[in-house]
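Here's the letter readout for the chains.
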Amino acid sequence: MKKNLLAGLTTGLLAIGLFLMTGDRLGLYTSAQTQAPPQTQDVPKMPEVLFLGKDAKLGQVTFNHVKHNGGTYSIDKGSPIACTTCHHTARPAAEIAKLPPLQTSWPADRTTTLTADLFSKDPKGAGVAACRDCHARTDEKPKLLDAIPQIKHEGSPAPMAMTNMQAFHRTCIGCHTEVKKTVPLSKAPTQMQCTMCHKKTPGLASV
């Protein structure tokens, strides 16, 4: 009887072992030891600080992205600066057509307008192009366009190439000029106060 019991127990253990091996191969279960760690995905994050013009003769610009889009700096006394003030391609083409000389929507078929809320909900789908993806340096080909955008400049028959330097300066100076009109006591630099933004020593910019 003991022999029969031992034989039955041995047979049962072999059957259980065979079932577990087969189940493992077929993927019927996953043990804690064999479970693969979850893959981490690179989720785009909104930058806090950007360094612009690193090769500029007057020094690079430390641009505080958080203060510009969070309401600390504002054109109309307290409201955050809209994302599309700088990221002007991040809205539908029909909307851009109403804002000459702007022409490009990216992606071309986009139906949304970029906001901080849209980015927080769907960073990858928000469609944010970096400035130099379109406004490349002189004689460089942009990443997203066939050529550097051009606009007709007042008083000049020849179109002006909107390189990264031209785009940055026109956007920054234009915004600062508006701030001075609406918030006269603002410390926003004027067109003639270049070194308030450009600093030869990294980290010392007025941000």
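On a predicted model such as this, the values are computed, not experimentally measured, just so you know.

## Concerning the overall build of the protein chain
Part 1: In terms of helices and strands, the protein chain carries five helices and five strands.
Part 2: Counting from the amino terminus, helix and strand elements in the protein chain follow one another as α-β-β-α-α-α-β-β-α-β.
Part 3: Relative to its full complement of 207 residues, the protein chain shows a buried share of 23%.
Part 4: Long-range pairs, those at least 24 residues apart, make up 34% of the contacts in the protein chain with a sequence separation of at least 6.

## Considerations on the sheet that holds strand E5 (residues 198–199)
Part 1: The three strands lie next to each other as E1-E2-E5, forming an open sheet whose pairing is antiparallel. The strands lining the two open edges of the sheet, one partner per strand, are strand E1 (49–52) and E5.
Part 2: Here E1 pairs with strand E2 (residues 60–64) via four bridges, running antiparallel. Among the inter-strand pairings, Leu-50 is bridged to a residue of E2, identified as Phe-63.

## Describing the side chain of His-65
Part 1: With respect to the helices and strands, the residue His-65 is situated in helix H2 (residues 65–69).
Part 2: Here the side chain of His-65 touches Pro-47 through a polar contact of 3.0 Å, landing on its backbone oxygen.
Part 3: For His-65, the residues in contact, after removing those within four places along its chain, are Met-46, Pro-47, Glu-48, Val-49 and Leu-50.

## Some remarks on the pattern of salt bridges
Part 1: Inspection of every chain in the model, using the stated rule, returns five salt bridges.
Part 2: Note that Asp-117 is salt-bridged to Lys-121, the shortest N-O span being 3.2 Å. Taken together, the positions of Asp-117 and Lys-121, both in helix H4 (residues 116–121) and four residues apart, correspond to about one turn of that helix.

## Focus on unusual backbone geometry
In terms of backbone geometry, most residues other than glycine have negative phi values and most peptide bonds are trans.
Part 1: Here the amide bond leading from Pro-100 into Pro-101 is cis, since omega sits at 10°, within 30 degrees of zero.
Part 2: Even without glycine at this site, Asp-139 takes up a positive phi of about 70°.
Part 3: By secondary structure assignment, the location of Asp-139 is in the loop between H4 and strand E3 (150–152).
Part 4: Judged by its relative accessible area of 77%, Asp-139 is exposed.

About the thresholds
- Residues numbered from 1 in each chain as written.
- Predicted model: local features only at pLDDT ≥ 70, side-chain atom pairs only at ≥ 80, totals over all residues.
- Heavy atoms only, no water.
- Helix = DSSP H or I, 4+ residues; strand = E, 2+ residues; numbered from the N terminus.
- Buried < 20%, exposed > 50% of the residue type's maximum accessible area, 1.4 Å probe, protein only.
- Contact = heavy atoms within 4.5 Å.
- Pairing = 2+ DSSP bridges.
- Polar contact = N/O pair within 3.5 Å; in protein donor to acceptor, adjacent residues only side chain to side chain.
- Salt bridge = Lys/Arg side-chain N within 4 Å of Asp/Glu carboxyl O.

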